[in-house]
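Next come the chains, spelled out residue by residue.
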Number of protein chains: 4
Amino acid sequence: MIIQYHLGTGEDQLQAVRALIRGWGFRVQPNPGEAGGSPEASIQVDNVFGNVNDAHRREVAAFDCVKSVIPIEGVPQNLSLIRRGMHHSVSIPLPGGKGEVTIGGGKPLVVMAGVCAVDAAYTLPSHQMAKRAGANINRGGAFKPRTSPYDFQGLKEDGLKVLTDARAEVGLPVVSEILDVRDIDLFMKYDIDVLQTGTRNAQNFELLIEVGRTGKPVLYKRGFSNSIDESLKAANYIMEQGNDKLIFCLRGVKGIGHSFRNQGDLDEIISLSQTIDRPIVYDVSHSTGRKSGVARAGAMAAAGGADGVLLDVHISPAHALVDGFQAIDVEEDLARMIKVWRQLHTIGRALN
Amino acid sequence: MIIQYHLGTGEDQLQAVRALIRGWGFRVQPNPGEAGGSPEASIQVDNVFGNVNDAHRREVAAFDCVKSVIPIEGVPQNLSLIRRGMHHSVSIPLPGGKGEVTIGGGKPLVVMAGVCAVDAAYTLPSHQMAKRAGANINRGGAFKPRTSPYDFQGLKEDGLKVLTDARAEVGLPVVSEILDVRDIDLFMKYDIDVLQTGTRNAQNFELLIEVGRTGKPVLYKRGFSNSIDESLKAANYIMEQGNDKLIFCLRGVKGIGHSFRNQGDLDEIISLSQTIDRPIVYDVSHSTGRKSGVARAGAMAAAGGADGVLLDVHISPAHALVDGFQAIDVEEDLARMIKVWRQLHTIGRALN
Amino acid sequence: MIIQYHLGTGEDQLQAVRALIRGWGFRVQPNPGEAGGSPEASIQVDNVFGNVNDAHRREVAAFDCVKSVIPIEGVPQNLSLIRRGMHHSVSIPLPGGKGEVTIGGGKPLVVMAGVCAVDAAYTLPSHQMAKRAGANINRGGAFKPRTSPYDFQGLKEDGLKVLTDARAEVGLPVVSEILDVRDIDLFMKYDIDVLQTGTRNAQNFELLIEVGRTGKPVLYKRGFSNSIDESLKAANYIMEQGNDKLIFCLRGVKGIGHSFRNQGDLDEIISLSQTIDRPIVYDVSHSTGRKSGVARAGAMAAAGGADGVLLDVHISPAHALVDGFQAIDVEEDLARMIKVWRQLHTIGRALN
Amino acid sequence: MIIQYHLGTGEDQLQAVRALIRGWGFRVQPNPGEAGGSPEASIQVDNVFGNVNDAHRREVAAFDCVKSVIPIEGVPQNLSLIRRGMHHSVSIPLPGGKGEVTIGGGKPLVVMAGVCAVDAAYTLPSHQMAKRAGANINRGGAFKPRTSPYDFQGLKEDGLKVLTDARAEVGLPVVSEILDVRDIDLFMKYDIDVLQTGTRNAQNFELLIEVGRTGKPVLYKRGFSNSIDESLKAANYIMEQGNDKLIFCLRGVKGIGHSFRNQGDLDEIISLSQTIDRPIVYDVSHSTGRKSGVARAGAMAAAGGADGVLLDVHISPAHALVDGFQAIDVEEDLARMIKVWRQLHTIGRALN
């Protein structure tokens, strides 16, 4: 750890902290600062060498004279590109044992497309359209976390049934969001292929632990204001359960003065693919929040090295139960954008 | 609702939207904009009058030419100051049936002080110190949501036992955070007086519903990046269960370039007390994140009209399991700040 | 304008506001809200029709009962895609009257590459390298706005001389940042081809007016926390001087928890190209702040429809006076990325 | 400085960096990290001891393997509480040589009140009202930075005349905002007592240098998204001109989901008063943006230790040229709030 002291800390205070640390068997290396280098005031810094853990840091931080304690740490080992040596893929079995879809690890772009909220009438034809246009996976929400208690909350178990009945017809695996630890059995009963955890539950650690324990592929969505560091630590709750099928999904963040529904975090595709080994997906529908932004957001994600693109489709957006205005509804449009995305993905690789 | 169209929307597109709306029996009032008033381009706006619900808004929003649909709504009725006519208080029974502590509704400032994380050795003496210094309620965490899976996660059930054993000695009610819907029975078994929901669970609606159903007082903490509007809608999940013992707690938000651990949201004390009827508490320890900020943050909260102040205390911060560096540890300091806060709270009332 | 009243506004207060407005000869259309549509409290809204200007809005806003006054306005006409009918290009003459570089209006991707801060030894060879690798314009800063008064502030006039001497050799036009209205004559004396205004001066309206008056092409950089709306209004100060050679440059914004130096605003390329007629440039060096992010950020910008990419190059980054760590230094790397960007730009057009 | 290397940096790369540094005569102390302390990956860190300057840091940062270079620095010495030993005040002469107003350094709360934009009819009576209610200084804007070029830009020189004519009658010093380096002579001609620099010019360093050179008291307003660190460095441009009459003004920042016009930064009063020696003022009108927030925001600022409160008053807000809706217009209201603020300020001192 690195210890930063408040301006004006006295020598006796410094010695008290250092005595404690040395008592643990660690070495302390004071950094006298840069006396002559800057007319700005120095801050006293100590470097500590040894097997430091959280309890040590807490004890040091409790001193009045200590301004901050900076841990020396980085990407959790379970997801670290450097530790794991290469980008890894996640495979998702196709229904009926007919092969699998593989995402990440240098594989071609995977497109996940389906209805935002499952409904009885439109889910099947919408998912069929998505497949014809080139999608590899269908998404569909049966449980919807809604900002207000008066908004539509999803078809729940009926929705999972509609979604998996459609799967049997369409032949693509499905991803669906889980909101409650008590629904794990239900998701297993319907054999949902990829469990999605949503942005509002990005630090609901109990839920992350339970989805991790299922051993199923998990699509982890970044919290709308979580730093990348917080996000990786939270995602690591899933992997710590022995589940190495984590897929990391970006979906835009809260920001100031942006034009779309969320501030896009497209550039994190670059940084994440340089630091973690996990497949990276970009949600073009929830980041932009409008149909007219989807095609080009997907173009950017694909050209920049995302492993997958997630989007809403619906053959009749006016009848969509949630977020119809951001769903792509014309098959030719969808087919063209998926085709262009795949071209861009291939060409963009020259820059990886 | 108010409908905003994209620039350049054609007359035929407008008519299609309006025909749909009129078909529902609503009136549409086009706003032609301010042709002569500004050299900046007009946006076409329609006002719709009638019993509009979420499904109507979705259907309108699905039109390509519609830029946004603005609902005409405000503070949820359950919490609305104007609807409920006055500020309401929440009463929390003292242990052993010896009266109660009342917060809000114009009552004197309530101070909630205790250890951030319950430990076996220091909880009782710390809570005794808090009581002697003038606190009305003790806080203590048995379940801790931690950013990394390797951090200390709390004593769990043992912690609830330590906390409630201390309660029996100290004689003050206790507030403690609940993280998981499966722990509701446990919190009821130990008869925790106030259930706290944390910032990471601010939109974990399943948890909010379940704590609401207990009928217990609930301390709802604002999400670290939730807007006030989102926060009130989420808090309303609790009240919608028939639970009118909601206490709203501010604790700072994420921000850019601030000095303390979080960007303080002290000014929301003003706006909330002008719009909701609920008691408002400010968490001075988690907003500032350091001991040296606590006294004056509490002074501001009290002078500005908060009904309560929440803070960490610990008689031996170096041994605190979590966040010791922000805990107040000297009894005279604590007693002085509580006394000054109460003076400021009283004087500040002249400006309400 | 739309007027939103505070909850609980009385009928007499409403009538006072409406009487004033009707006295101006405008019509007022009250919106009674959605009485039955939502259990959330209604807010009273009035729509006003007529030639409303800023003074009227101020007068209405001064009423106690008025919560907000929403102007009905949008993109300034000078930059509005819908008003101007098509995307327009800006042409920049090549040195010695040997043709011109054209950016925007559907033209091929323009690459602006050069040293962040002009230095005597490395500017010429760095700009020659950029040209050989395929750049169309050279950038180079002679005046540097620096956060601290002790940081290097640029070579100033000597820098303009070095930059334009290099221009004579290289044969590409140059873009350089101007900080002070008193330097306009100097920039004209050295005939700087494109005047750049920086993020810290994004609302320094005096400077924007003066660069507008020169009639020169202007590269306007978005303020690091200005909304798109504020940015377009500020950029319009330039165009209001009769200067239609405005180029709009995105460069990342302040944000929370991002990995790169700034939070990328790549998605604004999409929204801006759908609303303004101006050429759009993305600064890949200042948005990412590190060399390893440049290639793929440029890939995204190009695939998403930017008209230009701006980046730092330097043949010896260790000797760069400012921001060397983000400069591309290997010619083959630069040549490959420019080539791939141009491919992506062409293919991405299929989605415009 | 502290050097942080990218994960996976090889030993040879480390040695290259260290050789360079040792070549400068500095010592390098590698920090091997916390191998056993955390299952999260280590980052290699080097500490460098010696007279490091900006050029050294740049050179190190240019290495590919270097992730970041952290300077060891803090509050600029010119403003540092610890360096300057105590809080210092700034004195502003009263018109006609009749004494002075002193702000900061433990003096009673100073109230700066006046019209947001100077107008011919209302400035004098508004400033007279402010004085009767207890204000110490009058504020009034003659030059207004406005987001759109079509908004009212102030009366300019005529405004300075109106403002100073009123000063002669009222007998209080005046503060007024300057936007353009070319107006310095004008402000000196009218002998404006305190030059204010606005939030949009918070990093317009040319302007800061010129106002610093006048030797006049300067009210420096924090940029709406500048970090405290950036703000102090920018303010230091003023003090570096030999001007020690800097007053630091907070006025709210951009944020996410807040209720008032800006996200209040009240808690920075605490942190700044613990780190800088300068008087601190809080602008309650521009931070809240509405009249109903002013009284209590001022209560918080005063109780929390601000040295001054800045606010808009106008005897006829409906006729105010700018921001009338946030101006206090009733003399008794103003007198009561100022009186309560002063009480709170005095009592709050017990916690300093």
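As the structure is a prediction and not an experimental result, all values here were calculated from the model.

Caption draft 1: View of the confidence of the model for chain A. Residues and elements named next belong to chain A. Per-residue pLDDT for chain A averages 89, and the proportion of residues at 70 or more is 93%. Overall, residues 33–42 carries pLDDT values under 50, and its contacts beyond four positions in sequence, including any with other chains, amount to 32 contacts. As a predicted assembly, this complex carries a pTM of 0.86 together with an ipTM value of 0.85.

Caption draft 2: Quick peek at the relation of the copies chain C and chain A. The transformation that overlays chain C on chain A combines an axial shift of 0.0 Å with a rotation of 180 degrees, and the residual RMSD is 0.1 Å. The two molecules are tied by a two-fold rotation axis, judged by turn and shift. If distances are taken from each C-alpha of chain C to the rotation axis, the shortest is found for Met300(C), at 2.1 Å. Both copies share a contact surface, since 100% of the interface residues of chain C are interface residues in chain A too.

Caption draft 3: The arrangement of the domain arrangement of chain A in detail. Each domain of chain A was delimited in the assignment, giving domain 1 (2–71) and domain 2 (89–350). For domain 1 of chain A versus domain 2 of chain A, the separation of C-alpha centres amounts to 45 Å.

Caption draft 4: Looking closely at the pattern of salt bridges. Taken as a whole and assessed by the stated rule, the structure comprises 76 salt bridges over all chains. When the shortest N-O distance is used, the salt bridge between Arg222(D) and Asp265(D) registers 3.0 Å. One end of the pair, Arg222(D), is in the loop between β11 (218–221) and α8 (228–239); the other, Asp265(D), is in the loop between β12 (246–250) and α9 (267–275), and 43 residues separate them in sequence. Like Arg222(D), the residue Asp265(D) is buried in the burial classification. The network of salt bridges with common partners includes Asp180(A), Arg182(A), Glu210(B) and Arg213(B).

Caption draft 5: Structural view of the interface of chain C and chain A. With 48 residues of chain C at the interface, the matching set in chain A holds 48 residues. Across the chain C to chain A interface the summed buried area is about 4000 Å²; carbon plus sulfur atoms make up 62%. Together, Arg296(C), Met300(C) and Leu351(C) form the three largest contributors to the area buried by chain C at its contact with chain A, with a combined 21%. Counting the contacts that link chain C with chain A gives 18 residue pairs in polar contact (both at pLDDT 80 or more). Counting only elements with at least two residues in the side of chain C that touches chain A, the list comes to α9 (267–275), α11 (291–303) and α12 (331–348) of chain C. Along the lines of polarity and charge, the residues of the side of chain C that touches chain A split into 21 nonpolar, 19 polar and eight charged.

Caption draft 6: View of the sheet that holds strand β12 (residues 246–250) of chain A. Residue and element names in this part refer to chain A. Spatial strand order, β7-β8-β9-β10-β11-β12-β13-β14: eight strands in a closed barrel with parallel pairing. In this sheet, adjacent strand axes meet at a mean angle of 25 degrees when their direction is disregarded. One ladder, built from three bridges, connects strand β9 (residues 174–177) with strand β10 (residues 194–197); its direction is parallel. Residue pairing for β10: Glu 177 is matched across the bridge by Gln 196. Against the sheet, helix α5 (residues 157–170) engages β8 (138–141) and β9, with an angle of about 170 degrees to β9.

Caption draft 7: Representation of the packing of aromatic side chains. If you walk through the whole model with that rule in mind, you get 12 aromatic pairs over all chains. Measuring from ring centre to ring centre gives 5.7 Å for Tyr220(A) and Phe248(A), while their planes differ by 45 degrees; the resulting arrangement is tilted. Taken together, the residues Tyr220(A) in strand β11 (residues 218–221) and Phe248(A) in strand β12 connect sequence positions 28 residues apart. By the burial criterion, Tyr220(A) is buried, and Phe248(A) matches it. Summarising the aromatic geometry, the rings of Phe143(C) and Phe187(C) are spaced 5.7 Å apart at their centres and angled 35 degrees between planes, so their arrangement reads as tilted. With Phe143(C) in the loop between β8 (138–141) and α5 (157–170) and Phe187(C) in helix α6 (residues 184–189), the pair connects residues that are 44 residues apart, well separated along the chain. One exposure class covers both Phe143(C) and Phe187(C), and it is buried. Sitting above the plane of the Phe224(A) ring, Lys254(A) keeps its charged end 4.7 Å from the centroid.

Caption draft 8: Looking closely at α5(C). Residue and element names in this part refer to chain C. Here α5 contains 14 residues, and its C-alpha end-to-end distance of 20 Å stays within 8% of the 20 Å for a straight helix at 1.5 Å per residue. Among the residues of α5, those classed as buried are Gly 159, Leu 160, Leu 163, Thr 164, Ala 166, Arg 167 and Val 170. Buried residues of α5, viewed axially, fall in a sector of 155 degrees; they line one side. Along α5, the residues that are exposed and aim more than 90 degrees away from the buried face are Asp 158, Ala 168 and Glu 169. Looking at the buried residues of α5, the elements they touch are α4 (123–133), β8, β9 (174–177) and α6. Once α5 finishes, Gly 171 follows within two positions and takes phi at roughly 90 degrees, a positive value.

Caption draft 9: Examining the interface of chain A and chain B more closely. With 49 residues of chain A at the contact, the number on the chain B side is 50 residues. The junction of chain A with chain B conceals about 4000 Å² of combined surface from both sides, 51% of it contributed by carbon and sulfur atoms. Scanning the region where chain A abuts chain B turns up four salt bridges. Taking the shortest distance from any N to any O, the salt bridge between Glu230(B) and Lys254(A) comes out at 2.6 Å. For the interface between chain A and chain B, the tally reads 13 residue pairs in polar contact (both at pLDDT 80 or more). Broken down by secondary-structure element, the contributors of at least two residues to the side of chain A that touches chain B are α2 (54–61), α7 (205–214) and α8 (228–239) of chain A. No other element matches the five residues that α8(A) contributes to the side of chain A that touches chain B. Here the side of chain A that touches chain B is composed, by residue class, of 19 nonpolar, 12 polar and 18 charged.

Caption draft 10: Examining the side chain of Thr214(A) more closely. You can see Thr214(A) is positioned in helix α7. A polar atom in the side chain of Thr214(A) sits 3.2 Å from the backbone nitrogen of Lys216(A).

Caption draft 11: Examining the environment of Ala299(B) more closely. Tracing the backbone through its elements, the reader meets Ala299(B) in helix α11 (residues 291–303). By relative accessible area, which is 0% here, Ala299(B) ends up buried. Counting along the chain gives 148 residues from Ala299(B) to Asp151(B), while the straight-line C-alpha distance between them is 33 Å. Excluding residues that lie within four positions of it along the chain, Ala299(B) makes contacts with Trp341(B), Leu344(B), Ala303(D) and Leu351(D).

The rules behind each value
- Each chain has its residues counted from 1, running along the sequence as written.
- Key to labels: chains lettered from A, ligands numbered from 1, both in the order written.
- Two thresholds apply to this predicted model, a pLDDT of at least 70 for residue-level local features and 80 or more for giving and counting side-chain atom pairs, whereas whole-chain, interface and lining totals are computed over all residues.
- Hydrogens are left out, water is left out, and the side-chain values use all remaining heavy atoms of the structure.
- Confidence scores here are pLDDT values: one per residue, from the predictor, ranging 0 to 100.
- Contacts are assigned to residue pairs with any non-hydrogen atoms lying within 4.5 Å of each other.
- A least-squares superposition brings the copies together, and it is based on the C-alpha atoms of residues with pLDDT no lower than 70 in both.
- Boundaries between domains were set according to an automatic or database domain assignment.
- Each salt bridge in this description consists of a side-chain nitrogen of Lys or Arg and a carboxyl oxygen of Asp or Glu lying within 4 Å of one another.
- Numbering of helices and strands runs from the N terminus, with a helix taken as a DSSP run of H or I at least four residues long and a strand as a DSSP run of E at least two residues long.
- The cut-offs for exposure are 20% and 50% of the maximum accessible area for each residue type, with area from a 1.4 Å probe on protein chains only; residues under the lower value are buried, those over the upper are exposed, and the others partly exposed.
- Throughout, buried area stands for the accessible area (probe radius 1.4 Å) lost by two parts on being put together, summed over both.
- For this analysis, a polar contact is any N or O atom pair within 3.5 Å, provided that within protein one partner can donate a hydrogen and the other can accept it, and provided that sequence-adjacent residues contribute only side-chain to side-chain pairs.
- As a working rule, the residues Ala, Val, Leu, Ile, Met, Phe, Trp, Tyr, Cys and Pro are called nonpolar, Asp, Glu, Lys and Arg charged, and the rest polar, with Gly in that last group.
- We call two strands paired when DSSP finds no fewer than two bridges between them.
- For helices, the axis comes from a line fit to the C-alpha atoms of the stretch in contact; other axes are also lines fit to C-alpha atoms, and the angle between any two N-to-C directions lies between 0 and 180 degrees.
- In this scheme Phe, Tyr and Trp rings, the latter by its six-membered ring, pair at centre separations within 6.5 Å, and the angle between planes marks the pair as stacked below 30 degrees, edge-to-face above 60, and tilted otherwise.
- Here, over-ring charges are defined by two tests on the NZ atom of lysine or the CZ atom of arginine: distance to the ring centre within 6 Å, and angle to the ring normal within 35 degrees.
- The span one expects for a helix is its residue count, reduced by one, times 1.5 Å.
- This arc corresponds to the set of directions leading from the helix axis out to the C-beta atoms.

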